[in-house]
Amino acid sequence: MPKTFFITTAIDYTNSPPHIGHAYEKVLADVIARYHRLKGDKVFFLTGADQHGQKVQQSAAKAGVPPNEFVKGITQKFVDLWKQLDVKYDEWAETTSERHKKVVQGILQRLFDAGQIYKDKQAGYYSVRQEQFLTDKERGADGQFGPEWGEIEFREEENYYFRLSQYKDWLLAYLSKRADAIIPDFRQIELRNAVDRLSGDLCISRPKSRLDWGIELPFDKEFVTYVWFDALTNYISFAGYDPKIDNYERQPQEFRDRWSKDTLQIIGKDILVPAHGIYWLIMLHAIGFPDAQMPQLLVHGWWNLGGAKMSKSAGNIIDPFVLIEKYSADALRYYLMSDIVTGQDADFSEERLIERYNSDLANNIGNLANRTLNMIGRYLPDRQLRRTEALFESQSPVAGLLHRLSQKEIARSVSYFKRDMDGFDISVANGMPINLTLYCNGVIEEAAPWNLSKQSGTESKTLLASVLYHIAETLRIIAILISPVLPKAAHGIFDQLNWKMELSGGEQRFSLADAEWGRLPDGHVVGKPVPLFPRIEGT
RNA sequence: GCCAGGGUAGCUCAGCGGUAGAGCAGGGGACUCAUAAGCCCUUGGUCGGGAGUUCAAUUCUCCCCCCUGGCACCA
């Protein structure tokens, strides 16, 4: 059953424009999605925008435009960013769409009919200014609610509740059954602890008098559903889920092809508990998903700034558009994928971005491509490669070094790359193509083609051709390995090498199956060098 | 307070029982095909602190300190 690889990200809240954290999550998902395409998997990558809710309603009112217009504007900024960042998704989720609304309402109606949703009365302190009920968490050091909440009043309000707590035992059982439900594993422990303490049901509605920018409850038009059943449902509503069918096995083929236990949902650490780890998994269970079809959650960390959290109020938001403009999409993608350990937090630093770009991309990959193509142009007639392995027979010290670029060693590098990518250790996997450039540079230094070219005799000519073939061939494999993170540069290398689709015989330009030594044919004519990564000078 | 994760070279991290490693940054050198890139050599650490187990601890155990996250609680 080679299913589609289904990958999702959190959908972004259209209350304010995107920052670097949004960019990181989507690039991470995009890189994993591209890696799967590289392996030949069919991929369904879903991302989108969360457009309902109180904060949107408030921000729209503040801006003096209707919510739907406000949402359109912000959503466009996200769409623009993904385009500029080469984030290539297969489906775009917008929670205001009709398609989504139908699924949400269908699910709610089904759960309501089954007695899983009930109406109850809530009483408590309510901030008129913030339009929300206050809990003890909001109390200040003196036990009182601070002035930031404005006028406080005691209120009673009726709402609908989902019987969350009755699923607690199921969730605990599921988590103990599946060790890799959450990645990294310490997050699973955290989640487990949180589930242990779970009590009470989940409020899923807001009276329209308080919030009307949302999806109406199908069984009570005085209410809209509040965040959970709206936002979380996107993961299935845009994947072909039929809300009328309560049995996973009878869901449309299209949906079942996509959704499985291997479905990878990428989220930030702030929304594991309780949103995804508790509410979402329980929701799926409640609407009929078997344990064998529970998705896997990949929880990433945050980019901090000088050790401090990035936040709008602190005024230390990093604007991804500015960085792309300044350094290019590939540069930003590379930095975001290489200077963080998946799951951990990292510190964002523009200096580090420049450092990594210059040393890894400009000085290693870019320069290697440049010098190789330049030497081929200078030293080989008509820019034509000659495939020969004669060097292995040679007594030359170059032979020893060249061994690292042999079929066997390349295969070993590719297998390390796969191992690390499969484990989501993107930054470690990035090290493989960089290592290959180091080997290439070592071989070039040892062989010194500029000296060989001055010598006459067939042996030095053969040696020269062999070295350049090996380097060109390794460069081609480097391009494949960097393609998930650096799609533009990978295309650039392929273009300059003149590597054509016909040569691979595959359907995609980049394929891991092509990352095998010796695919460049004898007599292959390469193109001319064009700098891939111009160095970033000064600051 | 409880549950996790972390504290190793200036920076980012690997190692996790046998007298400390990588990349980058810093210093020096030989070369020239190249984006003054690359290559070679090199400076630099009492592996957070203390105690214990062991022939031997960065690596295991215990205590403590600091950072990060989650949860809870008091005022």
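Preceding this section is the structure that the text describes.
Parameters at a glance
Residues numbered from 1 in each chain as written. Chains lettered and ligands numbered in written order. Predicted model: local features only at pLDDT ≥ 70, side-chain atom pairs only at ≥ 80, totals over all residues. Heavy atoms only, no water. Buried < 20%, exposed > 50% of the residue type's maximum accessible area, 1.4 Å probe, protein only. Helix = DSSP H or I, 4+ residues; strand = E, 2+ residues; numbered from the N terminus. Pairing = 2+ DSSP bridges. Right-handed = clockwise from strand over helix to strand, strands pointing away. Near = heavy atom within 4 Å. Polar contact = N/O pair within 3.5 Å; in protein donor to acceptor, adjacent residues only side chain to side chain. Nonpolar A, V, L, I, M, F, W, Y, C, P; charged D, E, K, R; others polar. Phe/Tyr/Trp six-rings, centres within 6.5 Å; stacked < 30°, edge-to-face > 60°. Lys NZ or Arg CZ within 6 Å of the ring centre and 35° of its normal. Axes fitted to C-alpha atoms, helices over the stretch in contact; angles between N-to-C directions. Parallel < 35°, antiparallel > 145°, perpendicular 65-115°, else oblique. Left-handed = near helix turned anticlockwise from the far one by under 90°. Contact = heavy atoms within 4.5 Å. Salt bridge = Lys/Arg side-chain N within 4 Å of Asp/Glu carboxyl O. 1 Å grid on protein atoms, 1.4 Å probe; cavity = no way out; pocket = protein on both sides within 12 Å on 5 of 7 lines; lining within 4 Å. Points joined across faces, edges and corners; volume = space filled by probe spheres on them.

1. Digging into the pairing of strand S14 (residues 296-300)
Thought 1: Burial of S14 is extensive: five of the five residues sit out of reach of the surface.
Thought 2: A two-sided burial pattern is seen for S14, the buried positions comprising Gln296, Leu298 and His300 on one face and Leu297 and Val299 on the other.
Thought 3: One ladder, built from two bridges, connects strand S8 (residues 182-183) with S14; its direction is parallel. The residue of S14 that forms the bridge with Ile182 is Leu297.
Thought 4: As paired strands, strand S13 (residues 264-268) and S14 are joined by five bridges and run parallel to one another. By the bridge assignment, Gly268 is partnered in S14 with His300.
Thought 5: Following the chain from S13 across helix H10 (residues 272-286) to the adjacent parallel S14, one finds a crossover that is right-handed.

2. Quick notes on the protein's contact with RNA strand B
Thought 1: Around RNA strand B, 33 residues are found, and the nearest of them are Asn193, Arg197, Arg371, Asn374 and Glu445.
Thought 2: The sugar-phosphate backbone supplies 74% of the atoms of RNA strand B found within 4 Å of the protein.
Thought 3: For RNA strand B, a sugar or linking oxygen lies 3.3 Å from a polar atom in the side chain of Arg352.
Thought 4: Separating a base oxygen of RNA strand B from a backbone N or O atom of Arg535 is a distance of 3.2 Å.
Thought 5: At the level of elements, helix H6 (185-196), helix H13 (350-379) and helix H16 (426-447) are the ones that each hand at least two residues to the surface near RNA strand B.
Thought 6: Here the element with the most residues in the surface near RNA strand B is H13; it accounts for 13 residues.
Thought 7: For the surface near RNA strand B, the per-class residue count stands at eleven nonpolar, nine polar and 13 charged.

3. Side note on the packing of aromatic side chains
Aromatic ring pairs are reported here in terms of the distance separating the ring centres and the angle at which the planes meet.
Thought 1: Tallying each qualifying case throughout the model produces 31 aromatic pairs.
Thought 2: Taking 5.2 Å as the distance between ring centres and 70° as the angle between the ring planes, the aromatic pair formed by Tyr160 and Phe219 counts as edge-to-face. Of this pair, Tyr160 sits in strand S7 (residues 152-162) while Phe219 sits in the loop between strand S11 (216-217) and strand S12 (220-225), and the two are 59 residues apart along the sequence. Just as Tyr160 is buried, Phe219 falls in that class too.
Thought 3: Aromatic pair Trp259 and Phe289: ring centres 5.6 Å apart, planes at 75°, arrangement edge-to-face. Of this pair, Trp259 sits in the loop between helix H9 (253-258) and S13 while Phe289 sits in the loop between H10 and S14, and the two are 30 residues apart along the sequence. There is no split in this pair, since Trp259 and Phe289 are both buried.
Thought 4: Aromatic ring contacts, followed pair by pair, group Phe6, Phe44, Tyr235, Tyr241, Tyr248, Phe255, Trp259, Trp280 and Phe289 into a single cluster.
Thought 5: Between Arg258 and the ring centre of Phe44, over which it is positioned, the NZ or CZ distance is 3.8 Å.
Thought 6: The lysine or arginine in question, Arg476, covers the ring of Trp499, its NZ or CZ lying 4.5 Å from the ring centre.

4. Considering the environment of Pro534
Thought 1: Its location among the elements puts Pro534 in the segment after helix H20 (501-504).
Thought 2: Looking at Pro534, the relative accessible area reads 52%, which means it is exposed.
Thought 3: Spatially, the C-alpha atom of Pro534 lies 49 Å from that of Tyr226, the residues being 308 residues apart in sequence.

5. Here we look at the packing of H16 against helix H18 (residues 458-482)
Thought 1: At a minimum axis separation of 9 Å, H16 and H18 run at an interaxial angle of 165°. The orientation of H16 with respect to H18, classified from their angle, is roughly antiparallel. Between H16 and H18 lies a crossing of left-handed hand. Counted together, Pro433, Leu436, Thr437, Cys440, Val443, Ile444 and Ala447 of H16 and Val467, Ile471, Thr474, Ile477, Ile478, Leu481 and Ile482 of H18 form the full contact between these two elements.
Thought 2: Looking at the contact of H16 with H18, its residues break down into twelve nonpolar, two polar and no charged.

6. Let's talk about the pattern of salt bridges
Thought 1: Overall, the coordinates contain 34 salt bridges when judged by the stated rule.
Thought 2: Between Arg356 and Asp339 there is a salt bridge, with the nearest N and O atoms lying 3.3 Å from each other. Of this pair, Arg356 sits in helix H13 while Asp339 sits in the loop between helix H12 (329-338) and strand S16 (346-347), and the two are 17 residues apart along the sequence.
Thought 3: Owing to a relative accessible area of 16%, Asp339 belongs among the buried residues under this scheme.
Thought 4: Asp495 is the partner of Arg509 in a salt bridge, and the nearest nitrogen-oxygen pair spans 2.7 Å.

7. Topic: empty space enclosed by the protein
Thought 1: Counting across every chain of the model gives one cavity of 30 Å³ or more.
Thought 2: In this structure, the largest cavity spans a volume of roughly 30 Å³.
Thought 3: Along its surface, the largest cavity is lined by Tyr334, Ile365, Asn430, Pro433, Ile434, Ile482, Val485 and Leu486.
Thought 4: For the lining of the largest cavity, the element with the highest residue contribution is H16, accounting for three residues.
Thought 5: Of the residues belonging to the lining of the largest cavity, the class tally is seven nonpolar, one polar and no charged.

So far we have only geometry, and geometry alone does not tell us how the molecule works.
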